[in-house]
Amino acid sequence: MQLIAINGSPRKNWNTAKLLEQAIEGAKSLGAQTELIHLYDLNFQGCTSCFACKRKNSDMRGHCAMQDDLSPVLEKILDCDALLLGSPIYFSNITGEMLSMMERMMFSVLSYDGDGKMYFDGEIKSGFIYTMNAPKDVLVKIGMNNLFDSIQARMERFYHAPSEYLLSCDTYQFSDYSLYEVGRFDVEEKERIRKEQFPNDCKKAFELGRQLVTH
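Residue indices follow the written sequence of each chain, beginning from 1 at its first position. Local features in a predicted model are, by the rule used here, given only for residues with pLDDT of at least 70; side-chain atom pairs are given and counted only at 80 or more, and totals for whole chains, interfaces and linings are based on all residues. With hydrogens and water set aside, each side-chain value is computed from the structure's full complement of heavy atoms.

Peer 1: Sorry if this is basic, but what is going on with the overall build of the protein chain here?
Peer 2: For helices the rule is a DSSP run of H or I covering at least 4 residues; for strands it is a run of E covering at least 2, with both sets numbered from the N terminus onward. Across its full length, the protein chain holds 7 helices and 6 strands. Both definitions apply: the radius of gyration is a C-alpha atom measure, and the globule rule equals 2.2 Å times residues to the power 0.38. Its C-alpha atoms give the protein chain a radius of gyration of 18 Å, near enough to 17 Å, the size a compact globule of 215 residues would have. Burial classes follow relative accessibility: with a 1.4 Å probe on protein chains only, a residue under 20% of its type's maximum area counts as buried, one over 50% as exposed, and anything between as partly exposed. The burial tally for the protein chain puts 46% of its 215 residues in the buried class. Whether two residues touch is decided by their heavy atoms; if any such pair falls within 4.5 Å, the residues are in contact. Here the contacts in the protein chain between residues at least 6 apart in sequence split such that 76% fall between residues at least 24 apart. Here, Shrake-Rupley sampling with a 1.4 Å probe gives the accessible areas, and only protein chains in the shown set may cover a residue. Summed over all atoms, the accessible surface of the protein chain reaches about 11400 Å², with 47% contributed by carbon and sulfur. Here the protein chain contributes 24 positively and 30 negatively charged side chains, and the mean placements of these two sets differ by 2 Å. Asp and Glu count as negative and Lys and Arg as positive, but His and the ends of the chain are not part of the count. Charged groups are reduced to one reference atom each: NZ for lysine, CZ for arginine, CG for aspartic acid, CD for glutamic acid.

Spelled out as structure tokens, the structure:
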């Protein structure tokens with residue numbers, strides 16, 4: 001069982017990365033082979049609409065034809081058993097790097113033939129870990145669940161297997177709040193949530209990793 005984890009955060013040792021690492025440990029606890037890839041280490045861009053992935057009689061049909069640092073990652077994803085994505089929420093969306101990767105990852109397997117099938121005919125279980133500064137009640141007010149549910153539905157449609165997601169809300173953004181202008185936040189409350197809630201989120205991430213590699 002092979003699990004590929006993709007960190008769509010620019011930070012390698014903060015909330016998103018830590019939760020991904022916990023999920024990886026969960027997968028490893030059941031004997032899975034794992035790999036963690038940091039998107040911000042790679043030099044790549046989003047889909048350029050070359051349509052090489054849909055040309056008739058093309059060797060690249062169902063595969064992204066662009067050649068850059070992301071190319072081998074996309075091939076690894078097509079060969080894995082489980083895929084775990086992680087991204088902080090920036091301005092009510094996933095990071096630009098994660099969105100660019102998903103454009104290429106998903107558009108290349110999308111068929112235009114009209115029968116609703118994908119060029120990819122295997123099964124990849126998937127999960128998505130979202131981290132955000134906003135509390136959970138704010139997410140509901142601004143309709144963020146629409147984003148999470150939409151990505152979940154697309155992952156299940158494109159990769160023919162269940163997809164789950166984990167929300168880690170009201171996260172601790174800085175190691176030292178005194179260095180920044182953050183008057184709108186209750187720092188003591190942030191510290192309390194960090195101590196009480198984030199460990200629970202880590203446990204949930206660990207279980208998510210186990211779930212993704214369980215037959």
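Moving on from the model shown.
Peer 1: Teacher, can you tell me more about the pattern of salt bridges here?
Peer 2: Once their charged atoms are close, side chains differing in charge can pair, the charge on each being opposite to the other. The term salt bridge refers to a side-chain nitrogen of Lys or Arg lying within 4 Å of a carboxyl oxygen of Asp or Glu. Tallying each qualifying case throughout the model produces 7 salt bridges. A salt bridge links E189 to R192; the shortest N-O distance between them is 2.6 Å. In this pair, E189 and R192 are both assigned in helix α6 (residues 187-196), 3 residues apart and thus about one turn of the helix distant. The class of E189 is partly exposed, set by a relative accessible area of 32%. If you follow the salt bridges from partner to partner, you end up with E189, R192 and E196 in one network.

Peer 1: Help me understand the packing of helix α3 (residues 96-107) against helix α5 (residues 145-159), please; the structure alone is not making it clear to me.
Peer 2: Between two packed helices, the angle of one axis relative to the other and the distance separating the axes together describe the packing. Interaxial distance between α3 and α5 falls to 11 Å at its minimum, and their mutual angle equals 30 degrees. What the angle tells us is that α3 and α5 run roughly parallel. Our pair here, α3 against α5, has a crossing hand that is left-handed. Between α3, through M102, M105 and M106, and α5, the contact on the second element is made entirely by I151, R154, M155, F158 and Y159. In terms of residue class, the contact of α3 with α5 is built from 7 nonpolar, no polar and 1 charged. Axes here mean lines fitted to C-alpha atoms, for a helix over just the part in contact, with angles spanning 0 to 180 degrees between N-to-C directions. Oblique is the label for every angle not falling under 35 degrees (roughly parallel), over 145 degrees (roughly antiparallel), or within 65 to 115 degrees (roughly perpendicular). Crossing handedness follows the turn of the near helix against the far one: under a right angle anticlockwise gives a left-handed crossing, and clockwise gives a right-handed one. Polar here means any residue outside two lists: the nonpolar Ala, Val, Leu, Ile, Met, Phe, Trp, Tyr, Cys and Pro, and the charged Asp, Glu, Lys and Arg; Gly therefore counts as polar.

Peer 1: Help me understand empty space enclosed by the protein in this model?
Peer 2: Any space left empty among the atoms is revealed by the rolling of a water-sized probe across them. Put plainly, a pocket is an open set of points on a 1 Å grid over the protein atoms alone with protein on both sides within 12 Å along at least five of seven lines, a cavity is a set where a 1.4 Å probe fits but cannot get out, and a lining residue has an atom within 4 Å of a point. Grid points are joined across faces, edges and corners, and a volume is the space filled by probe spheres set on the points. On inspection of all chains with the given rule, the structure shows 4 cavities of 30 Å³ or more. Put simply, the largest cavity is a space of about 100 Å³. Lining of the largest cavity is provided by 15 residues; of these, C47, C50, C53, C64 and F107 occupy positions nearest its centre. Counted by class, the lining of the largest cavity contains 9 nonpolar, 4 polar and 2 charged residues. Of the voids in this model, the second largest cavity is the one considered here, and its volume is about 60 Å³. Around the second largest cavity, the lining residues are H63, C64, L74, E75, I77, L78, R104, M105, S108 and Y159. For the lining of the second largest cavity, the elements supplying multiple residues, two or more each, are α2 (71-79) and α3.

Peer 1: How should a nonpolar patch on the surface be read in this particular structure?
Peer 2: A cluster of nonpolar side chains, contributed by Y40, Y90 and F91, occupies part of the molecular surface with about 390 Å² of accessible area. You can see F91 is positioned in the loop between β3 (82-90) and β4 (93-94). Note on patches: the residues involved have over 30% relative accessible area and no salt bridge, like charges join within 9 Å, and the nonpolar side chains Val, Leu, Ile, Met, Phe, Trp and Tyr join within 5 Å.

Peer 1: Is there a simple way to explain the environment of R11 in this structure?
Peer 2: Within the element layout of this structure, R11 appears in the loop between β1 (2-7) and α1 (15-28). According to the relative accessible area criterion, R11 is partly exposed, its value standing at 39%. Sequence separation between R11 and D68 is 57 residues, and the spatial gap between their C-alpha atoms is 22 Å. What R11 contacts, discounting residues up to four positions off in sequence, is A17 and Q173.

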